[in-house]
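Per-entry structural report
Next come the chains, spelled out residue by residue.
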Amino acid sequence: MSITMDVSAPATSGVARATSGDVHADGRAQEVNNCVLEMRGISKTFPGVKALDDISLKLYPGSVTALIGENGAGKSTLVKILTGVYQFDQGEIFLEGKSQRFVSALDATNAGVTAIHQETVLFDELSVAENIFLGQEPRTRLGFIDWPTMEANAAAVLKKIDADMSPKTILKDLTIGHKHMVAIARALSTDARIVIMDEPTAALSSKEAEELYELVDWLKSEGKSILFISHKFEDVFRIADRYTVFRDGQLVGAGLLADVERPDLVKMMVGRAVDRAFPKNNTPGTDVVMKVDNYCHPTEFDSISFELKRGEILGVYGLVGAGRTEVAQALFGATTPSNGTLELEGEAVEIRSFDQAISKGLVYVPEDRGKQGVTLEMSIAENIGMASLKPTSKKGFLDLAREFEMARKYADRLDLRAAALDQPVGSLSGGNQQKVVIGKWLATLPKVIILDEPTKGIDIGSKAAVHGFMSELAEEGLSVMMISSELPEILGMSDRILVMRDGLIVGEFDRADATPEKLVNLATGNTQ
Amino acid sequence: MLNSILKKREYLLAAIILTMIIAISFRSPSFLQLPNMLATLNDTSILMMLACAQMFVILTRCIDLSVGANIALTGMVVAMLNSASPELPVVVLVVIALGLGLILGAINGFFVWKFDIPPIVVTLGTMAIYRGLVFVLADGSWINAHQMSESFLGFPRANIFGVQLLTWCGLLVVAGMYALSRYSRLGRQFYAIGDNPNAAVYMGISVGKVKFKAFCLSGMIAGLCGYFWVSRYAVAYVDIAAGFELQTVAACVIGGVSIAGAIGNIGGAILGALFLGVVNNALPVIDISPFWQMSISGTVIILAVVFNAQSERKTGRTILKLKGTEA
Amino acid sequence: MSIAFSNVRRRGAEIPNKLEMTMMGRLARWETLLVCVVALVFFLNTIASPYFLDVWNLSDATYNFIEKAIIAFAVALVIISGEIDLSVAANIALSSTIMGAVATAGYDTPIIVGAGLLTSLACGAFNGFLVAKVGLHSIIVTIATMSLFRGISYIILGDTVYKNYPDSFAWFGQGYLFDAFTVEMAFFIVIAVFFWMLLHKTVFGRQVYVIGNNKTCAAFSGIKVQRVKFSLFLLSGLASGVAAVLLTSRLGSTRPSIALGWELEVVTMVVLGGVSILGGSGTILGVILASVLMGLVTFGLGLLNVPGIVMTIFTGCLLIAVIVLPRITKLIMSHSKKTK
């Protein structure tokens, strides 16, 4: 945070401030000229969702800009636009003053934009040196790849960033932290001017994260512009100079980090969290439906214990990668816990497969709707009937009339919008797809339903429908466990809230005690 | 670390082959003598070349099942040319074989590249078409040794420093393939697109085009082998090299080439080919009918695939564990 | 699915079961197209050869495709589930060889047939074990077992032949029912109906579609993916066994090269029948039509004295063409849309 040239920049107001103007005229234009990349008025709409709405963003050389926002705020869409994976609908991108449009990933790479993702976009079976130089290998006069030179060059780049590894190592033998370093080394070797880091510390240990911070500092000193995306406030305050906050696809604030306090950032990020009206009418019962005792897993989570009461909505809050999904899937039988017991309605059960879980009345609505939730090519009726084929069939033969009847029942309850029940689910909007998924699971008549990010990536209207429905279900006595990274949803819908971090339950709140600040601080490990 | 494991795997395979040779030579001491060893190497040369070419195709997550039919077709074409105009120099025929093979391979690659058809379907189809064409071309007849010119038959048998030209050729091609796999951008691209096609696009590599090139290469080598096959066995007819594509796949899989792409090297493919070559040559020596050959290669493929899957699975698990301990 | 869905969105209970399909939509179905082509080929055959319409000839024509079609039904299910079985022809060879051995040992027809079916089931189970339980790629597994099964046949037979089948065994491949149609035809109809019921009317069939479209979603919905896949390989093994019985009975002899290259024709039939090679879609009706079509074509070419190996050129071209053509039309369609 000691970059002097940034202090003079009046960047605090942020929002759509920039005008082009003559470049070399006054100090202000100088500043415009200074910024390496500017996004102006960028909008991007997906069917049913406006992912980005009139967004502006500036990146400066030798400066780290932190991009902050909840899940679904539009951060990843922005990254995809910057790396040429998506095309924006409106707006303009200026690269060093020149209007530019990245039509492909390669285009962005050639323009000097490199992204370092959580999952690195590298080659597992190739060596470190090759991963750094693939496509630009040094060659001998005869046209052969010059391995000794390539490895020496790789070693030099790695040494620059203080990465302790042999260029000959095969990538898949490296830890994630080291893979990030290789990605950074590649960015350096391609002369990238803009480095985007998309939650790079999500899977890193604190020691590795510290190594990464040092690296970012070094990149900064080399004059690179860095866009750093993270949920973790410790990351942001440790390395960033500027911040930009997105909420629901809109820009809500930007400026110098030195001018802002943590609570203000949290407020910006969470926004009108609490004022939004949620349709919540259920009152939890007293009898325990599901009791999880000391669930452990060697690599994913540890000592997970909690209870779920009849008609209760239990919110589980945490950052992506906190182990929430892993716990839910373990309960559903995807993985076997190394230790721990599960009781359903007072009866100890052992669930080792999905169909066991379903027959015991425990269902899980997965987060990855397209891959795990629905079969896009098949019809609405077939999807709703998918998990309850046994009850709707007669001696192994399908009973289509009954299946349609059931599908209609849940279509009605969920207020589904569609042209026909034999329409493929893929032709529905995201929100309606999610209704189909929930309908599929309700058709199995469960006692406990685990919803994993139930409103991720769906439009506001469908969100409200899903929330209303959740409350209705709880009223009818169904126990709901809702995993969500969206604070308003967690605060608005839950009777009780568990907070998870790094595979552990780190806090439990009653609805009345929970505040956005408390939850965010616990989930991010922010101690201030 | 993994490099050493892969190396170990090749040492293991080499050790198995050596043990086999020694065991066989107990039964029949002449097996171990140099002329016999050279003959075995000579017999395996064609398989070695094709296994290397097939390896490149498999590295890109494809498979080429048409190599056997390609051999039969190019072999028939050069044999017919030779019998029709014996004055044509062998070198010209070899070039024609290479070119024709390249075209046949390019047809496979074209469909995979431009229409994104699963390679197994394309090559299953062209396998039938190419072999059918052999019949149409020769009208079902055979071309025998007496219809072929002296030089046509003599070329692969030419003796240079006590080793037949076919062997030299095989070694040369293998050396070229090694250079390609290790020291050329194209060679590394075969690995890259098999490893992570999405990332390859970021690097500006056209996945389809690289696959196309792999099929061209495989076709070209098959064409060359078509000539060698016909001149070496001194006969050309519809059914030559039938089922040979399976041998090439077997050699690769035995040599540790992963059917899921990106894993494998020339050393492994060659050792895989040698393994099969030694088995094939040893069967008559130890009085086992050559009819065993087919089921042996089938069994060995299965064992090798199971072995590969096991070793691949292990690496997957350790990564997960590392992830866990860090978190 | 290329049918455009109307923009009329209805709510909840008002949503109809099925969308009114337009006449064009009905006509655009792959099966309709196949019926037309079958009729055309039939017509061309009658013109090309005066012998074609002879009842005995037509009845002979059925032999050409029935045995392959029986396997094609099972392979269709395997392909719809997203896997492939290339070992079916080799399975026939091994089953036929075992039947020959049992017959040579002097056993009677029921035991021979039983031995053949058991062998084919064992082969199917072996494939199923490697694919579903060990988790290997079905392509490479069945390529290997293709070589293994036929290889065993070669080990047993070498260059000899089994032909000591009892007279009663000939009934399957050469017999007639009610003097009207062949036993093979009866088998074909029964098996076609069985597979039609299995794929389109049962829970199992539905599960096959789900697995082929989205394996992960199937697993999350409580479908036992491994078990279904294992059953499918068993089924395709058994179908090969039935085909082996019919073929061996018809030929009256077994050589290790029996049914060589059939896997290609079977896969072609399946793909021609509209089954997506990537899994997830296809119908038994389509496979039936495709098998009739291929039977008619090969029979017609046979009457014109075109040798068998040349027909494989035709088969190979057909296989590639049926996959390429829809993609070309799609390309042209999207292109013309853009220019509009």
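Residues numbered from 1 in each chain as written. Chains lettered and ligands numbered in written order. Predicted model: local features only at pLDDT ≥ 70, side-chain atom pairs only at ≥ 80, totals over all residues. Heavy atoms only, no water.

**A short note on the overall build of chain A**
Applied cut-off: The helix and strand labels rest on DSSP assignments: H or I over at least four residues marks a helix, E over at least two residues marks a strand, and numbering proceeds from the N terminus. Buried residues are those whose accessible area, probed at 1.4 Å on protein chains only, stays under 20% of the maximum for their type, while exposed residues exceed 50% and partly exposed ones sit between those limits. Residues are treated as being in contact if the distance between any of their heavy atoms lies within 4.5 Å. Method for areas: the Shrake-Rupley scheme with a 1.4 Å probe, in which residue coverage is limited to the protein chains shown.
Check the secondary structure of chain A and you find 20 helices and 21 strands. Residue burial in chain A is summarised as follows: out of 528 residues, 59% are buried. A fraction of 67% describes how many contacts in chain A between residues 6 or more apart in sequence connect residues 24 or more apart. Total accessible area on chain A is roughly 20400 Å²; 49% of this is exposed by carbon and sulfur atoms.

**Here we look at the sheet that holds strand E8 (residues 225-229) of chain A**
All names here are of chain A. Selection rule: DSSP calls a pair of strands paired once it identifies at least 2 bridges connecting them. Lines fitted to C-alpha atoms define the axes here, with helix axes fitted over just the stretch in contact, and angles between the N-to-C directions of these axes take values from 0 to 180 degrees.
With mixed pairing, the 6 strands of this open sheet are ordered in space as E6-E7-E8-E3-E9-E10. In this open sheet, the two strands that pair with only one neighbour each are strand E6 (113-116) and strand E10 (250-256). Strand-to-strand, the axes of this sheet are offset by a mean angle of 15 degrees, without reference to chain direction. Bridge count between strand E9 (residues 242-247) and E10: 6 bridges; the pairing is antiparallel. If you follow Phe-246 over to E10, its bridge partner there is Leu-251.

**Brief notes about the pattern of salt bridges**
Side chains carrying opposite charge are able to pair once their charged atoms draw close together. All names here are of chain A. To keep things clear, this is the line we draw: Basic side-chain nitrogens of Lys or Arg form a salt bridge, by our definition, when they fall within 4 Å of a carboxyl oxygen of Asp or Glu.
Under the criterion given, the structure shown has 29 salt bridges over all chains. Arg-496 is paired through a salt bridge with Glu-312; the nearest N and O atoms lie 2.7 Å apart. With Arg-496 in strand E20 (residues 496-501) and Glu-312 in the loop between strand E12 (304-309) and strand E13 (313-318), this residue pair connects regions lying 184 residues apart in the sequence. For the pair Arg-496 and Glu-312, a shared accessibility class is recorded, and that class is buried.

**Topic: the interface of chain C and chain A**
For an interface, size is often stated in terms of accessible area lost upon the parts coming together. Definition in use: In short, buried area is how much 1.4 Å probe accessible area vanishes from two parts on joining, totalled over both. Distance and chemistry together define a polar contact, namely a pair of N or O atoms within 3.5 Å, with one atom able to donate a hydrogen and the other to accept it when in protein, and with adjacent residues in sequence counting only for side-chain atoms on both sides. Classification used: nonpolar for Ala, Val, Leu, Ile, Met, Phe, Trp, Tyr, Cys and Pro, charged for Asp, Glu, Lys and Arg, polar for all others including Gly.
Taken together, the contact between chain C and chain A spans 32 residues of the former and 42 residues of the latter. Overall, the association of chain C and chain A removes approximately 3300 Å² of surface from exposure, summing both partners, and the carbon and sulfur fraction of that is 60%. Summed over the three residues of chain C that lose the most area to chain A, namely Asn-17, Arg-206 and Phe-220 of chain C, the buried surface amounts to 24% of that side. Taken together, chain C and chain A are joined by 3 salt bridges. One salt bridge in this structure joins Glu-403 of chain A and Arg-206 of chain C, with 2.8 Å as the shortest N-O distance. Across the contact surface, chain C and chain A share 9 residue pairs in polar contact (both at pLDDT 80 or more). Considering each element in turn, the side of chain C that touches chain A owes the most residues, 6 residues, to helix H9 (residues 203-213) of chain C. Split into classes, the residues belonging to the side of chain C that touches chain A amount to 14 nonpolar, 11 polar and 7 charged. Where strand E17 (residues 417-418) of chain A and strand E1 (residues 10-11) of chain C come together, 2 bridges link them in antiparallel fashion. The residue bridging Arg-417 of chain A from the neighbouring strand is Arg-11 of chain C, located in E1 of chain C.

**Side note on the interface of chain B and chain A**
Between chain B and chain A, the contact holds 27 residues from the first and 31 residues from the second. In total, about 2900 Å² of surface goes out of reach between chain B and chain A, with carbon and sulfur atoms giving 62% of it. Applying the counting criterion to the chain B and chain A interface returns 2 salt bridges. A salt bridge links Arg-188 of chain B to Glu-130 of chain A, with the shortest nitrogen-to-oxygen separation between them at 2.4 Å. Of all the secondary structure elements, the ones that give two or more residues to the side of chain B that touches chain A are helix H7 (165-183), helix H8 (185-195), helix H9 (197-202) and helix H13 (293-326) of chain B. Broken down by element, the residue count for the side of chain B that touches chain A peaks at 6 residues, all from H13 of chain B. For the side of chain B that touches chain A, the per-class residue count stands at 16 nonpolar, 4 polar and 7 charged.

**Digging into the domain arrangement of chain A**
Residues and elements named next belong to chain A. Quick reminder of the rule: Here the limits of each domain have been adopted from an automatic or database domain assignment.
The domain architecture assigned to chain A consists of domain 1 (4-112 + 193-270), domain 2 (121-191), domain 3 (272-361 + 446-523) and domain 4 (377-445). Contacts between domain 1 and domain 2 engage 13 residues on the former and 12 residues on the latter. Of the roughly 1100 Å² buried at the junction of domain 1 and domain 2 (both faces included), carbon and sulfur atoms supply 73%. Taken together, the connections running from domain 1 to domain 2 amount to 0 salt bridges.

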